[in-house]
Amino acid sequence: MATTFSVIPGADAWSAPGSGDNARIGIAVIHGFTGNPHSTRPVGEALAAKGYRVEVPRLPGHGTHWRDMAKTRYLDWRAEAERVVDRLSADCDTVIVIGLSMGGTITLDITPKRQDKIRGIVVINPQILSPTQPIAKVAPLLQYVLPVVPRDAAGLPSDDIARPGADEHAYGMVPAKAAQSLIRELPRIRAGLLDLEIPMLVAYAPQDHTVPPENAQALPELVGTPDVELVELPRSYHVATLDWDAPLLQERIDAFVERVVSSDD
């Protein structure tokens, strides 16, 4: 009999129906690799407080146990994000997508073909360049030798938040084939970025130990839109939504959303 793992407390998907003048503005907030909505819900809650309709999904295999994640791949995670965005698109006049880490990668992947509804995106410390760490270079072979590795050995340092006591409740172990399924898609995703022609907010932490800041810094030259805002988060590490710069990040997200929404009126 297959083992069933419970959702980690605080890792459930979360949503808000929207209210008032902003009820038909839909916003999806997508978490990162091995993470869960614990890291993205604060952004969603702040936006919901302004009346926006918000969806904070839990991607397949996440927020329970790494053994669940080992059964899933990048295309599963992307498909769930697509379902959420398409559901918002069906019910809302305007959609904005926000992604943290791999959630940002997924955002950059699914947006080019949905720009009739997605009117703006926010990516926070996204992975878009192919990893250069030694572990990444041997990963295609290593995945068959070591099916699961500790997150630090996989290039995902456990010290991904500078603020003491903050914890995203991500997995401590990383399924190698699941990780490789993401890395394998990066060249394809980069190749499609020139078709991305809507406003973007790109937030990055210079002290990110997980995804080098060069990933975010490269985006203005990779995308087709000239409307790219870069926001530096100097006091944070990778999971900036839970770090010292979270108030600054939220302030810039709020302003960006308001600008996109007003331009669609």
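The coordinates are above.
A short note on the overall build of the chain
- Each helix and strand counted, the chain has 9 helices and 9 strands in total.
- Taking 18 Å as the expected radius of gyration for a compact globule of 265 residues, we find that the chain reaches 17 Å, a close match to that expectation.
- Considering only residue pairs separated by 6 or more positions, the chain has 79% of its internal contacts joining residues 24 or more positions apart.
- Counting 25 positive and 34 negative side-chain charges, the chain places the averaged centre of each group 7 Å from the other.

A few points about helix H6 (residues 176–183)
- Most of H6 is tucked away: 6 of the 8 residues are buried.
- Taken as a whole, H6 has its buried residues at Ala176, Ala178, Ala179, Gln180, Ser181 and Leu182.

A few points about the layout of surface pockets
- Considered as a void within the structure, the largest pocket measures approximately 200 Å³ in volume.
- Residue lining of the largest pocket: Arg78, Glu82, Leu108, Asp109, Ile110, Pro112, Lys113, Arg114, Arg188, Ile189, Gly192 and Asp195, and that is the complete set.
- For the lining of the largest pocket, the secondary-structure elements that each account for two or more residues are helix H3 (74–91), helix H4 (102–110) and helix H7 (186–191).
- Tallying contributions element by element places H4 first for the lining of the largest pocket, with 3 residues.

Considering the sheet that holds strand E9 (residues 228–232)
- Within the open sheet, the 7 strands sit side by side as E1-E3-E2-E4-E5-E8-E9. Their pairing is mixed. Each edge of the open sheet is held by one strand with a lone partner, namely strand E1 (14–16) and E9. Looking at each pair of strands side by side, their axes are set apart by 15° on average, direction ignored.
- Pairing analysis gives 6 bridges linking strand E4 (residues 94–100) to strand E5 (residues 118–124), with the strands arranged parallel. In the sheet register, Leu100 faces E5, and the bridge partner there is Ile124.
- Contacts from helix H9 (residues 246–264) reach strand E2 (25–30), E4, E5, strand E8 (200–204) and E9 within the one sheet, and its direction differs from that of E5 by about 165°.

Digging into the side chain of Asp245
- Checked against the element boundaries, Asp245 lands in the loop between E9 and H9.
- One buried charged side chain, Asp245, makes no salt bridge at all; its nearest oppositely charged neighbour is Arg235, positioned 5.0 Å away.
- A polar contact is formed between the side chain of Asp245 and the backbone nitrogen of Arg235, at a distance of 2.7 Å.
- In this structure Asp245 touches Leu233, Pro234, Arg235, Ser236 and Ala240, once residues within four positions along its chain are discounted.

Reading guide: rules and limits
Residues numbered from 1 in each chain as written. Predicted model: local features only at pLDDT ≥ 70, side-chain atom pairs only at ≥ 80, totals over all residues. Heavy atoms only, no water. Helix = DSSP H or I, 4+ residues; strand = E, 2+ residues; numbered from the N terminus. Rg over C-alpha atoms; globule rule 2.2 N^0.38 Å. Contact = heavy atoms within 4.5 Å. Lys, Arg positive; Asp, Glu negative; His and termini not counted. Charge placed at Lys NZ, Arg CZ, Asp CG, Glu CD. Buried < 20%, exposed > 50% of the residue type's maximum accessible area, 1.4 Å probe, protein only. 1 Å grid on protein atoms, 1.4 Å probe; cavity = no way out; pocket = protein on both sides within 12 Å on 5 of 7 lines; lining within 4 Å. Points joined across faces, edges and corners; volume = space filled by probe spheres on them. Pairing = 2+ DSSP bridges. Axes fitted to C-alpha atoms, helices over the stretch in contact; angles between N-to-C directions. Salt bridge = Lys/Arg side-chain N within 4 Å of Asp/Glu carboxyl O. Polar contact = N/O pair within 3.5 Å; in protein donor to acceptor, adjacent residues only side chain to side chain.

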